[in-house]
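Report on the structure
These are the residues of each chain, in order.
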Amino acid sequence: FPVTIHGKTASGVMVQEGVTVAADWTMLPRGSVIWIEGLGRRIVQDKGGAIKGNRLDLYMLNYDDAIVWGRQNRKVFILNKPLLESTNDDQTSSR
């Protein structure tokens, strides 16, 4: 299901048509690189409340294009999936 919101993604980068995908980060963590059948390479850069399980949102610049695209079922191949999300909050100090 495509989205047309402009601005920054949950990972802090600007949305890019042909690149940005929103996914459930418990399934495909931020930074995962995927190949969508018929579309090519995309990067998981965003997440959303309605994006659960095996659903993806493709970023599209134009609203009318997104409506025409609609919902589709495509095969998705994982090319590179980060093993562990790491943030400063996850790190502990031994001082």
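These numbers come from a predicted model, not from an experiment.

**Thoughts on a nonpolar patch on the surface**
On the surface, a cluster of nonpolar side chains totalling about 330 Å² of accessible area is made up of Trp35, Phe77 and Leu79. Within the element layout of this structure, Trp35 appears in strand S3 (residues 33-36).

**Details of the environment of Leu28**
Summarising the element assignment, Leu28 is placed in the loop between strand S2 (20-23) and S3. By relative accessible area, which is 10% here, Leu28 ends up buried. Distance in space between the C-alpha atoms of Leu28 and Lys47 is 9.8 Å, their sequence separation being 19 residues. For Leu28, the residues in contact, after removing those within four places along its chain, are Ala23, Ile34, Val44, Leu56 and Ile78.

**Structural notes on the pairing of S3**
When S3 meets strand S4 (residues 40-46), the two strands line up antiparallel, connected through four bridges. Each residue of the ladder has a partner; that of Ile36, found in S4, is Gly40. The loop that links S3 with its antiparallel partner S4 comprises three residues; one of these, Gly38, has a positive phi angle of about 85°. As judged from the four bridges shared by S3 and strand S6 (residues 76-80), these two strands associate in the antiparallel manner. If you follow Ile36 over to S6, its bridge partner there is Val76.

**Notes on the side chain of Ser32**
Along the chain, Ser32 turns up in the loop between S2 and S3. Only 2.7 Å separates the side chain of Ser32 from the backbone oxygen of Pro29, close enough to count as a polar contact. Ser32 has contacts with Arg42, Ile43, Val44, Asn80, Lys81 and Pro82, leaving out every residue within four places of it along the chain.

**What about the nonpolar core?**
Burial of nonpolar side chains together is a common tendency in soluble globular proteins. Within the largest apolar cluster, 12 residues are counted, these being Val21, Ala23, Trp25, Leu28, Ile34, Ile36, Val44, Leu56, Leu58, Met60, Ala66 and Trp69. Breaking this core down by element, the ones donating at least two residues are S2, S3, strand S5 (56-59) and helix H1 (63-69).

**Points about the side chain of Arg42**
Mapped onto the fold, Arg42 is located in strand S4. Glu17 provides the closest opposite charge to the buried, salt-bridge-free Arg42, at an N-O distance of 7.9 Å. At a separation of 3.3 Å, a polar atom in the side chain of Arg42 contacts the main-chain carbonyl oxygen of Gly18. Aside from chain neighbours lying at most four places away, what touches Arg42 is Gly18, Val19, Val21, Ser32, Val33, Ile34 and Ile36.

**Concerning the confidence of the model for the protein chain**
With 81% of its residues at a pLDDT of 70 or more, the protein chain has an overall mean of 84. The secondary structure element of the protein chain with the lowest average pLDDT is strand S1 (residues 2-3), at 52, and the one with the highest is S3, at 97. Counting interchain partners and residues more than four positions distant, the pLDDT-below-50 stretch residues 86-95 has two contacts.

So, how was this worked out
Residue numbers restart at each chain and count upward from 1, following the sequence in its written direction. A pLDDT threshold of at least 70 governs which residues receive local features in this predicted model, and a stricter bar of 80 or more applies before side-chain atom pairs are shown or counted, although totals over entire chains, interfaces and linings include all residues. Processing note: side-chain calculations cover all non-hydrogen atoms of the structure and skip hydrogens and water entirely. A patch is a set of surface residues, each over 30% in relative accessible area and not in a salt bridge, joined within 9 Å for like charges and within 5 Å for the nonpolar side chains Val, Leu, Ile, Met, Phe, Trp and Tyr. In this description, accessible areas are obtained by the Shrake-Rupley approach with a 1.4 Å probe, and a residue is regarded as covered only by the protein chains that are shown. One speaks of a salt bridge when a side-chain nitrogen belonging to Lys or Arg is within 4 Å of a carboxyl oxygen belonging to Asp or Glu. By the criteria applied, helices consist of DSSP H or I runs no shorter than four residues and strands consist of E runs no shorter than two, each listed in order from the N terminus. Only protein chains enter the accessibility calculation, which uses a 1.4 Å probe; a residue whose area is less than 20% of its type maximum is buried, one above 50% is exposed, and one in between is partly exposed. Every residue pair with non-hydrogen atoms within 4.5 Å of one another is taken to be in contact. Two strands make a pair as long as DSSP finds a minimum of two bridges between them. Residues adjacent in sequence count toward polar contacts only when both atoms are side-chain atoms; beyond that, a polar contact is any pair of N or O atoms within 3.5 Å, and within protein one must be able to donate a hydrogen and the other to accept it. Buried Ala, Val, Leu, Ile, Met, Phe, Trp, Tyr and Cys residues that are joined via side-chain atoms within 4.5 Å together make up what is termed a nonpolar core. In this tally Asp and Glu are treated as negative and Lys and Arg as positive; neither His nor the chain ends contributes. As a per-residue measure, pLDDT reflects the predictor's confidence and takes values from 0 up to 100.

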